[in-house]
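Commentary on secondary and tertiary structure
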Amino acid sequence: MAGESRRARIRALLRRAGTSGIEPAAVAGAFVHSSAARQSVTDAGSSAAALESNERLEFLGDTVIGFVVARWLYERYPAADEG
């Protein structure tokens, strides 16, 4: 039941954001911290499927933000050195 409750909350959030075409399962991992993912496996036993954490998405987001900031700095200060 907890999984269905989580999916219902994600569906409501997606509707509110105006992104009804996105499947809730595709974004569910964005809302799970790595400690919660580890705890779900511990609580359910080793045979249970682990929740996917948001660490991969966090890494991707950090990379995109780093790229955008680097490009902005490069274009904003063309005569500056890399430091």
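Structure report, in brief. (Residues numbered from 1 in each chain as written. Predicted model: local features only at pLDDT ≥ 70, side-chain atom pairs only at ≥ 80, totals over all residues. Heavy atoms only, no water.)

Quick notes on the overall build of the protein chain
The following threshold applies: Strands are runs of DSSP state E lasting at least two residues, helices are runs of H or I lasting at least four, and both sets are numbered from the N terminus onward. Partly exposed describes any residue whose relative accessible area lies between the buried limit of under 20% and the exposed limit of over 50%, with all areas from a 1.4 Å probe on protein chains only and scaled to the type maximum. By definition in these notes, contact holds between two residues if any of their heavy atoms fall within 4.5 Å. Here the Shrake-Rupley method, with its probe set to 1.4 Å, supplies the accessible areas, and only the displayed protein chains count as covering residues.
Of regular secondary structure, the protein chain possesses 4 helices and 0 strands. Counting from the amino terminus, the protein chain carries its helices and strands in the arrangement α-α-α-α. Residues classed as buried in the protein chain amount to 11% of the 83 residues present. In the protein chain, the share of contacts with a sequence separation of at least 24, taken over all contacts with a separation of at least 6, comes to 18%. Split by element, the accessible area of the protein chain, about 7000 Å² in all, is 58% carbon and sulfur.

Quick look at the pattern of salt bridges
Definition in use: Only one rule defines a salt bridge in this text: a Lys or Arg side-chain nitrogen within 4 Å of an Asp or Glu carboxyl oxygen.
One pass over the full model with this rule turns up 3 salt bridges. Taking the shortest distance from any N to any O, the salt bridge between Arg7 and Glu4 comes out at 3.3 Å. On the criterion of helical spacing, the pair formed by Arg7 and Glu4 is a turn pair, its members being 3 residues apart in helix 1 (residues 2-16). Glu4 sits in the partly exposed class, given a relative accessible area of 35%. Here Arg71 ties to Glu75 by a salt bridge, and the two come within 3.0 Å at their closest N and O atoms.

Comments concerning the packing of aromatic side chains
We apply this condition: Side-chain rings of Phe, Tyr and Trp, where Trp is taken by its six-membered ring, are said to pair if the distance between their centres is within 6.5 Å; with planes under 30 degrees apart they count as stacked, over 60 as edge-to-face, and otherwise as tilted.
Under the counting rule described, the total for this entry stands at 1 aromatic pair. With a centroid separation of 6.3 Å and 90° between ring planes, the pair formed by Trp72 and Tyr77 is classed as edge-to-face. Judged by relative accessible area, Trp72 falls into the partly exposed class, the value being 48%.

A look at a nonpolar patch on the surface
Inclusion rule: Exposure above 30% relative accessible area and the lack of any salt bridge qualify a residue for a patch; like charges then connect within 9 Å, and the nonpolar side chains Val, Leu, Ile, Met, Phe, Trp and Tyr within 5 Å.
Residues Leu57, Leu60, Val64, Phe67 and Val68 make up a contiguous nonpolar surface patch of about 480 Å² in total accessible area. When you line up the elements, Leu60 lands in helix 4 (residues 55-76).

Some thoughts on the side chain of Ser34
As a reminder, the rule being used: Polar contact is the term for a pair of N or O atoms within 3.5 Å; when the atoms are in protein, one must be able to donate a hydrogen and the other to accept it, and sequence-neighboring residues count only if both atoms are side-chain atoms.
By the secondary structure assignment, Ser34 is in helix 3 (residues 34-44). Side-chain polar atoms of Ser34 contact the side chain of Glu55, separated by 2.9 Å. Apart from residues no more than four positions distant in its own chain, Ser34 is found in contact with Ser53, Asn54 and Glu55.

This is a description of form; function is not addressed.
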